[in-house]
Amino acid sequence: MTLTAAETTRWVDVDGLKLRYHEAGSGPPLVLLHGSGPGVSGWANFGGNLATLSEHFRCLILDQPGFGASARPDVYDRNYLRISADAVLGLLDSLELPSAHVLGNSMGGAVATLFALDYPTRVDRLVLMAPGGVGVNVLGPEPSEGIRRLLDFTADPTRERVLSWLRTMVFDERILTDELVDARLAAAAEPAAIAAIRDAYATFADPALAERVPLWARLRGLRHEVLMLWGRDDRVTPVEGALLPSRQLPNVDLRLFGRCGHWVQIERKAAFERAVTDFLRHGL
């Protein structure tokens, strides 16, 4: 089965923001949340997995506010994770879904974690792929190499810099075809895409918008069953970040993928899809 972005595109209005999501399949609902990055969208992260996952779940791939084709708030006056978590809540409310499984990648993993902590009855099981904000890097530099390359590109969006950033995302650089790099650059160089990254990251650095208690310090309060997936060779969210949440979360399994960087869903596609399907259908 082949699914396209166009045929799966849906729209929802959340607090006056027109947000795009992609929908396919039937069964238990599964919300998928992309990470950050130049030109990122829900489809760019998970479009390749939709055909398989939609055989088991009603998949809802959301473009978070300001990313992909989704509108953005006029002012980022709260931490971006909260802005996005409210968008997830609005999506579930609009579709009259009392709860859903939630899968988040990188920044999307941080949003998924915050959403589950703040709205525990709205989340069934949780999949976190190299999530941001839940780990602490103690062995490598902070920010990581991948985040530094991302910020370099945002400051000066050239093909050389987007390629430099993409190389930190993967273990096998053969994935980075000219077509993929050109497509990502075209999307990433749009002024709106650059503003989305810049303004979201600015909320993370603003002390006035900081969470009173960081995510990593709240993990013991997350009672859901959690599957954490991490690429052993991740240069964006290094694998050492798995150590704290794998000890603090009460109900968690951790799976490491060899020969894999930050894009588990792409570099280890079949294994990723098997792991997610088995966990969401059967639990830990």
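Rules and cut-offs
- Residue positions are given per chain, counting from 1 as you read along its sequence in written order.
- Two thresholds apply to this predicted model, a pLDDT of at least 70 for residue-level local features and 80 or more for giving and counting side-chain atom pairs, whereas whole-chain, interface and lining totals are computed over all residues.
- Here the side-chain values reflect all heavy atoms present in the structure, with hydrogen atoms and water set aside.
- UniProt positions are given in the numbering used here, feature names are shortened, and annotations may be inferred rather than shown by experiment.
- Counting from the N terminus, the helices are the DSSP runs of H or I reaching at least four residues and the strands are the DSSP runs of E reaching at least two.
- A pair of strands counts as paired when DSSP detects no fewer than two bridges linking them.
- Helix axes use the C-alpha atoms of the stretch in contact, all axes being lines fitted to C-alpha atoms, and the angles between their N-to-C directions lie in the range 0 to 180 degrees.
- Pairs of residues are marked as contacts when any of their non-hydrogen atoms sit within 4.5 Å.
- Three exposure classes are used, based on accessible area relative to the maximum for each residue type with a 1.4 Å probe and protein chains only: buried under 20%, partly exposed in between, and exposed over 50%.
- By definition, the arc is the one covered by directions from the helix axis to the C-beta atoms.
- For Phe, Tyr and Trp, rings pair up if their centres lie within 6.5 Å, where Trp contributes its six-membered ring, and each pair is then called stacked (planes under 30 degrees apart), edge-to-face (over 60) or tilted (otherwise).
- Note on criteria: charge over ring means Lys NZ or Arg CZ within 6 Å of the ring centre, with the direction from the centre no more than 35 degrees off the ring normal.
- What counts as a salt bridge is simple: a side-chain nitrogen of Lys or Arg found within 4 Å of a carboxyl oxygen of Asp or Glu.
- Put simply, a nonpolar core is a bunch of buried Ala, Val, Leu, Ile, Met, Phe, Trp, Tyr and Cys residues held in one set by side-chain atoms that sit within 4.5 Å of each other.

Participant: Could you give me a rundown of the UniProt feature "domain: AB hydrolase-1" (unreviewed entry) in the protein chain, with the residues and numbers involved?
Facilitator: As recorded in UniProt, the sites labelled "domain: AB hydrolase-1" (unreviewed entry) are residues 28-268. For the annotated span residues 28-268, helix accounts for 39% and strand for 15% of the residues, and the straight-line distance between the end C-alpha atoms is 24 Å.

Participant: Which residues make up the environment of L254, and what values go with them?
Facilitator: One can find L254 in strand β8 (residues 252-257). When the C-alpha atoms of L254 and H224 are compared, they prove to be 14 Å apart, with 30 residues separating the residues in sequence.

Participant: So what's going on with the sheet that holds strand β4 (residues 58-62)? Residues and values would help.
Facilitator: Spatially, the eight strands line up as an open sheet ordered β1-β2-β4-β3-β5-β6-β7-β8, and their pairing is mixed. The strands lining the two open edges of the sheet, one partner per strand, are β1 (9-14) and β8. Averaged over all neighbouring strand pairs, the angle between strand axes comes to 25°, with direction disregarded. In this structure, strand β2 (residues 17-24) lies alongside β4, joined through four bridges in antiparallel fashion. Looking at β4, one finds that H22 is bridged to I61. Each of β3 (29-33), β5 (100-105), β6 (123-129), β7 (226-231) and β8 is contacted by helix α12 (residues 269-282), which is oriented at about 155° to β6, the strand it contacts most.

Participant: Got a sec to walk through helix α6 (residues 145-155)? Specific residues and values, please.
Facilitator: Where α6 is concerned, the buried positions are G146, I147, L150, F153 and T154. Here the buried residues of α6 occupy an arc of 120° about the axis, which is enough to place them on one side. Close packing links the buried residues of α6 with α7 (159-169), α8 (178-188) and α9 (191-205).

Participant: So, the packing of aromatic side chains: which residues are in play, and what are the values?
Facilitator: By the definition in use, this model includes four aromatic pairs. When the centroid spacing of 5.8 Å and the interplanar angle of 75° are considered together, the rings of F67 and Y80 count as edge-to-face. Residue F67 is found in the loop between β4 and α4 (80-94), and its partner Y80 is found in helix α4; the two are separated by 13 residues along the sequence. What makes Y80 buried here is its relative accessible area of 0%. Geometrically, the ring pair formed by Y201 and F204 is tilted, given 5.6 Å between the ring centres and 55° between the ring planes. A residue pair is termed a helical-turn pair when its members lie 3 or 4 positions apart in one helix, as Y201 and F204 do in helix α9 at three residues. Judged by its relative accessible area of 17%, Y201 falls in the buried class. Site record: aromatic cluster; members linked through ring pairs are F67, Y76 and Y80. Its guanidinium or amino end placed over the ring of W11, K18 lies 4.8 Å from that ring's centre, counting from NZ or CZ.

Participant: Explain the pattern of salt bridges to me, using residue names and the numbers behind them.
Facilitator: Under the defined criterion, the tally for this structure stands at 19 salt bridges. Two residues, R159 and D182, come together in a salt bridge whose shortest N-O distance is 3.0 Å. You can see R159 sitting in helix α7 and its partner D182 sitting in helix α8, a full 23 residues away along the chain. Assessed through its relative accessible area of 39%, D182 is described here as partly exposed. Here D199 and R198 are joined by a salt bridge, their closest N and O atoms 3.0 Å apart.

Participant: Run through the nonpolar core, naming residues and quoting values.
Facilitator: In this structure, V31, L33, F67, L126, V226 and M228 are the most contacted members of the largest nonpolar core, which totals 65 residues. If you tally residues by element for this core, the top one is α4, at nine residues. Not counting the four nearest positions on each side in its chain, V31 is found in contact with L60, V88, L91, L92, A100, H101, V102 and L103.

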